[in-house]
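Structure at a glance
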Amino acid sequence: MSEVKVYAHRGASGYALENTWNAFFKACEFGVGIELDVQITKDGVVVVYHDDNLRRLTGINAGIHTLAYEEIKELRIGRKWMRNFSHHQMPLAYEVFQWAKKKKIPLNVELKESFVKNSKGPQILAAMLEGMEDVHLSSFNPQLLKQMKKLMPSTEMAWIIKKSTQLSRIKDMDWVDSIHLHKRLMAKSFCGEILKLDKKVRLYGILGSESLMNRLDPQMVGIITNYPDRVKRKIASPLVG
């Protein structure tokens, strides 16, 4: 269990608004890695934001890939009814990367679909991540990971799978180094099939109280969670609770 790395999902999003500096600072306080989402604007600026559409956290019904950075940089982000009082704005990915590098914080960078719509997106992101040491990239889109692997051959690529994923496909994807899956899929029959692939595995959706954490397979190298402090305690005392 001591080998398992904990990553704060969208920062410590159980305690602060997701993908904001507050969430990242909180994760740093807990001494864990950070999982964050990156999007790219129409004019090639990489920002930290989860949704492809801005509506949920800004109230603006528009795809992030359709707007220039100047059109979104002043937008306040926050949950509905709270946005007008929020001081949060979308962080620039480059600034977060440099801060994490200085603090020696491991990063799981999830690429969202705007990178599929911007032909220069993968090259821009690869250039930004040059020199970063403890970083791996993840995506639901395996072809996007394939592009990134060509640009960053020594960087780990993690495919985030769904229950409908054809696991046999992975055998032909030599650019996929690891698998990310929701804890719900641990109970599915194909969990055993995943372990047979001899790939590193990270679980997300973990709250910190799950009994499955008492019996993690050695291939389970990471946990992605909104509550990294709880998970750290559980890992330190796996037989408690």
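Residues numbered from 1 in each chain as written. Predicted model: local features only at pLDDT ≥ 70, side-chain atom pairs only at ≥ 80, totals over all residues. Heavy atoms only, no water.

Turning to the pattern of salt bridges, a few remarks are in order. Under the criterion given, the structure shown has 15 salt bridges. Note that Glu-29 is salt-bridged to Lys-26, the shortest N-O span being 3.5 Å. Highlighted residues: Glu-29 and Lys-26, both in helix α1 (residues 21–30), separated by three residues, approximately one helical turn. Exposure remark for Glu-29: the relative accessible area of 60% places this residue in the exposed category. Three or more residues joined by partner-sharing salt bridges are found here, namely Arg-10, Glu-18, Asp-37, Asp-51, Arg-56, Glu-110 and Lys-112. (Salt bridge = Lys/Arg side-chain N within 4 Å of Asp/Glu carboxyl O. Helix = DSSP H or I, 4+ residues; strand = E, 2+ residues; numbered from the N terminus. Buried < 20%, exposed > 50% of the residue type's maximum accessible area, 1.4 Å probe, protein only.)

On to the nonpolar core. Formed by 58 residues in total, the largest nonpolar core has its most connected members in Leu-36, Val-38 and Phe-97. Considering each element in turn, this core owes the most residues, five residues, to helix α4 (residues 93–103). With residues near it in sequence (within four places) discarded, Leu-36 still touches Asn-19, Phe-24, Val-48, Val-96, Phe-97, Leu-107, Asn-108, Val-109 and Glu-110. Judged by nonpolar contacts, the second largest core, of twelve residues, contains Tyr-49, Ala-62, Leu-67 and Ile-77. (Core = buried A, V, L, I, M, F, W, Y, C linked by side-chain atoms within 4.5 Å. Contact = heavy atoms within 4.5 Å.)

By the definition in use, this model includes six aromatic pairs. Relative to Phe-24, the ring of Trp-21 lies with its centre 6.2 Å away and its plane at 80 degrees, an arrangement referred to as edge-to-face. Of this pair, Trp-21 and Phe-24 both sit in helix α1, three residues apart, roughly one helical turn. Residue Phe-24 is classed as buried on the basis of its relative accessible area, which comes to 0%. Ring geometry for Phe-25 versus Trp-99: centroids 5.6 Å apart, planes at 70 degrees, classification edge-to-face. Residue Phe-25 is found in helix α1, and its partner Trp-99 is found in helix α4; the two are separated by 74 residues along the sequence. With a relative accessible area of 14%, Trp-99 lands in the buried category. A connected cluster of aromatic rings, assembled from ring pairs, spans Trp-21, Phe-24, Phe-25 and Trp-99. (Phe/Tyr/Trp six-rings, centres within 6.5 Å; stacked < 30°, edge-to-face > 60°.)

This part covers helix α6 (residues 121–129). Along α6, the positions that sit buried rather than exposed are Gly-121, Pro-122, Leu-125, Ala-126, Met-128 and Leu-129. For α6, the buried positions fall inside an angular range of 160 degrees around the axis, keeping them on one side. Where α6 ends, the next residue or the one after it, Gly-131, has phi of about 90 degrees, a positive value. (Arc of directions from axis to C-beta.)

Time to look at the packing of α4 against α6. Between α4 and α6, whose axes approach to 10 Å, the crossing angle comes to 25 degrees. Considering the angle they form, α4 stands roughly parallel to α6. As for the relative orientation of α4 and α6, their crossing is right-handed in sense. Facing α4, whose interface residues are Ala-93, Tyr-94, Phe-97 and Gln-98, α6 presents Leu-125, Met-128 and Leu-129. Of the residues belonging to the contact of α4 with α6, the class tally is six nonpolar, one polar and no charged. (Axes fitted to C-alpha atoms, helices over the stretch in contact; angles between N-to-C directions. Parallel < 35°, antiparallel > 145°, perpendicular 65-115°, else oblique. Left-handed = near helix turned anticlockwise from the far one by under 90°. Nonpolar A, V, L, I, M, F, W, Y, C, P; charged D, E, K, R; others polar.)

Right, let's talk about the pairing of strand β4 (residues 107–111) for a bit. Of all five residues in β4, five are buried; the element is thus mostly enclosed. Across the two faces of β4 the burial is the same, with Leu-107, Val-109 and Leu-111 and Asn-108 and Glu-110 all buried. Bridge count for strand β2 (residues 33–40) against β4 is five bridges, and the pairing is parallel. Bridging from a neighbouring strand, Leu-36 pairs with Val-109 of β4. (Pairing = 2+ DSSP bridges.)

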